[in-house]
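Residues per chain, in single letters:
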Amino acid sequence: MSTTTITPTSGTPASGTPTSGTPTAGARRTTYPPIPFGRILGVELRKMFDTRSGFWLLMSIGILAVLASAAVVLFAPDEEIAYGSFAGAIGIPMSILLPVIAVLSVTGEWSQRSGLTTFTLVPSRGRVIAAKAVAAVGVGVAGMAVALAVGALGNVVGSQLAGVPTQWDATAANLGFIVLASVLGQLMGFMLGVLVRNSPGAIVGYFVYAFIVPTLSGVLASTQDWYRDVQQWVDFQYNQTSLYDTVGLSGDEAAQLAVTAGLWLVLPMLVGLWLVSRSEVK
Amino acid sequence: MILIDSLTMKYGGFTALDDVSFASEPGRVTGFLGPNGAGKSTTMRIMVGLTKPTSGHATVAGRRYADLPNPGREVGVLLDASAQHAGRTGREILTIAARTMGVPGRRVDEMLDLVSLTPTEAGRRVRNYSLGMRQRLGIATALIGDPHVLILDEPANGLDPAGIRWMRDLLRGYADQGGTVLLSSHLLHEIEVIADDLIVIGNGRIVAQGTKAELLATAGTLVRTPDTAVLAQAIASAGLVAHSSGPDLLRVESDPHVVGRIALETGVPLVELRAAEGAGLEEMFLELTAETQREGAAA
């Protein structure tokens, strides 16, 4: 290795060697193995829940799930004390709040400026962002698994409490589509995160995207015949939320889901990923 | 070992860095000095791969930072102590760093101990930290991977006098064990006390670099005599440079014993002969960066 001596402004060259003869940290030549993707994934998963906001989002899901399950037992007519109601009591708050965790996982690096550390410890931004996407999807799948499992427990206990026969009203196919819907919701949160990279902005964006746009679309569909005919070809939320109740997609429905997801999810996500690769972490 | 090779950084028409080259050597503390906005932070961001330079490159331990397989194990970086998620606890931030680097969890406690953050403080969220505590946490994060290079941007900011002393001893010890330390600061006294080598940057250009001893020695010798004209002539014919600093005072760019000998040989009576000590880093800094200071003719 060539040594560049510091050029002094006057005279003699700098003596750049330490005087001690002991082995030094500077002379150490250990090669470290690269950071495996699994480790980045584990860290990103942990980071989703170790902040105050992450903790309270989880807590509020738990609290809402308990309240909603109790409400089903107390207020639902007997014929609706069934698996779907209990799974939904936990699944619906999750499907609304878990995407916020996906949003914050990305935006926090910019809004909270923790990216300065994250992207110096792992200079490859693509690996970090990929880990965040995988973690967001994983949380969506795990969340729904928990909702379905706890819902089953709630159904057994709840039907006993209400003194009605235990009803199982969901099929395996239905459960699959519920998980798919949840994954799409998580990807939507992730997409808004990479696109906006600002926590308040992306969360507002999420609620506009997930609630205001579908409401407007519904109003438009109920008043305008021409729109009702095309709604399913332009309204991603409509197709995504329909998945929670479906047991099978027709060819048309699958095409509508793919087209609207391409327009509302994939396209903005590509723009967002491009922006993330370029934006400066201040 | 950090090598910076002709870095140039342009934002549109604005040149933030102009052909910046320097080295930071193992076993030495290199102070990186410059007025606000001179390009210190930009240079450091380029070093760690957060910003892409327009041209030129920076290497750490012979490789581009982004090519290091596990950078945290080789280079400890603290760019901005406040850039942390306010909702995480100090301990959690260290745990995340340790896990990313793959170092054992006990390093977290060792580092908390090293930077004197108590378990109670470590359990608090960073939102409630003072700047000094954030700096300590930042230093802990930088050191947790046991790196052999440290890149620290304004690490003494917000530390109390005892904290500054602690930081100085820590960095001195680290360099004495062969580590490379590059730290930027505008706290001149701090740099003057701790640095072995100095890099002075102004308006995106390196205006001076060398060992501290050399740079501060450029202040030269002050000599007082009634016969300034005669002495000045003799000094000039000896190939040295003399500046008039008053009616009977000369500042010579050389050592006192050289000037004394010239005076003896010339037969000029001296009233005073001494090293122009006082200048120090502040004078040098203001002089070197005079053209680039916001305040104009500060020197």
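Residues numbered from 1 in each chain as written. Chains lettered and ligands numbered in written order. Predicted model: local features only at pLDDT ≥ 70, side-chain atom pairs only at ≥ 80, totals over all residues. Heavy atoms only, no water.

### Points about helix H10 (residues 251–278) of chain A
Residues and elements named next belong to chain A. For H10, which comprises 28 residues, the first-to-last C-alpha distance of 39 Å matches the rise-based estimate of 40 Å (1.5 Å per residue) to within 8%. Bending of H10 peaks at approximately 45° at the position of Gly 262. The secondary structure elements touched by the buried residues of H10 are helix H3 (83–111), helix H5 (125–162), helix H6 (172–196), helix H7 (199–223), helix H8 (225–234) and helix H9 (236–242). (Helix = DSSP H or I, 4+ residues; strand = E, 2+ residues; numbered from the N terminus. Expected span 1.5 Å × (residues − 1). Bend = angle between axes of the 7 residues up to and from the residue. Contact = heavy atoms within 4.5 Å.)

### Observations regarding the confidence of the model for chain A
Taken as a whole, chain A shows an average pLDDT of 86; of its residues, 90% reach a score of 70 or greater. Confidence drops under pLDDT 50 across residues 1–27 of chain A; counting only partners more than four residues distant or on other chains, this segment forms 48 contacts. (pLDDT = per-residue confidence, 0-100.)

### A closer look at the packing of aromatic side chains
The relative placement of two aromatic rings is captured by the distance of their centres and the angle of their planes. All names here are of chain A. The full count for this structure, using the stated rule, is nine aromatic pairs over all chains. Here the aromatic rings of Phe 55 and Trp 56 are separated by 5.2 Å at their centres, their planes lie at 80°, and the arrangement is edge-to-face. Judged by its relative accessible area of 48%, Trp 56 falls in the partly exposed class. The interplanar angle of 65° and the centroid separation of 5.1 Å between the aromatic rings of Tyr 206 and Phe 207 together place this pair among those described as edge-to-face. Judged by its relative accessible area of 2%, Tyr 206 falls in the buried class. (Phe/Tyr/Trp six-rings, centres within 6.5 Å; stacked < 30°, edge-to-face > 60°. Buried < 20%, exposed > 50% of the residue type's maximum accessible area, 1.4 Å probe, protein only.)

### Examining the nonpolar core
Residues and elements named next belong to chain B. Within the largest apolar cluster, 125 residues are counted, with the highest numbers of intra-cluster contacts made by Met 47, Ile 139 and Ile 144. When sequence neighbours within four positions are dropped, the list of residues in contact with Met 47 reads Ile 2, Ile 4, Phe 22, Ala 58, Val 60, Tyr 65, Ile 151 and Leu 182. Counting residues in each nonpolar core, the second largest holds ten residues, with Ala 234, Val 252, Val 259 and Ile 262 among its members. (Core = buried A, V, L, I, M, F, W, Y, C linked by side-chain atoms within 4.5 Å.)

### Looking at the pattern of salt bridges
Enumeration over the complete set of coordinates arrives at 22 salt bridges over all chains. We note a salt bridge from A:Asp225 to A:Arg228, for which the minimum N-O separation is 3.0 Å. Within this pair, A:Asp225 and its partner A:Arg228 are both found in helix H8, separated by three residues, close to a single helical turn. Between B:Arg45 and A:Glu280 there is a salt bridge, with its nearest N and O atoms 3.0 Å apart. Of the two residues, B:Arg45 sits in helix H1 (residues 40–47) while A:Glu280 sits in the segment after H10, which places them in two different chains. The exposure class assigned to B:Arg45 is buried, which follows from its relative accessible area of 11%. A relative accessible area of 27% places A:Glu280 in the partly exposed class. One continuous salt-bridge network, built from bridges that share partners, spans A:Glu44, A:Lys47, A:Glu109 and A:Lys132. (Salt bridge = Lys/Arg side-chain N within 4 Å of Asp/Glu carboxyl O.)

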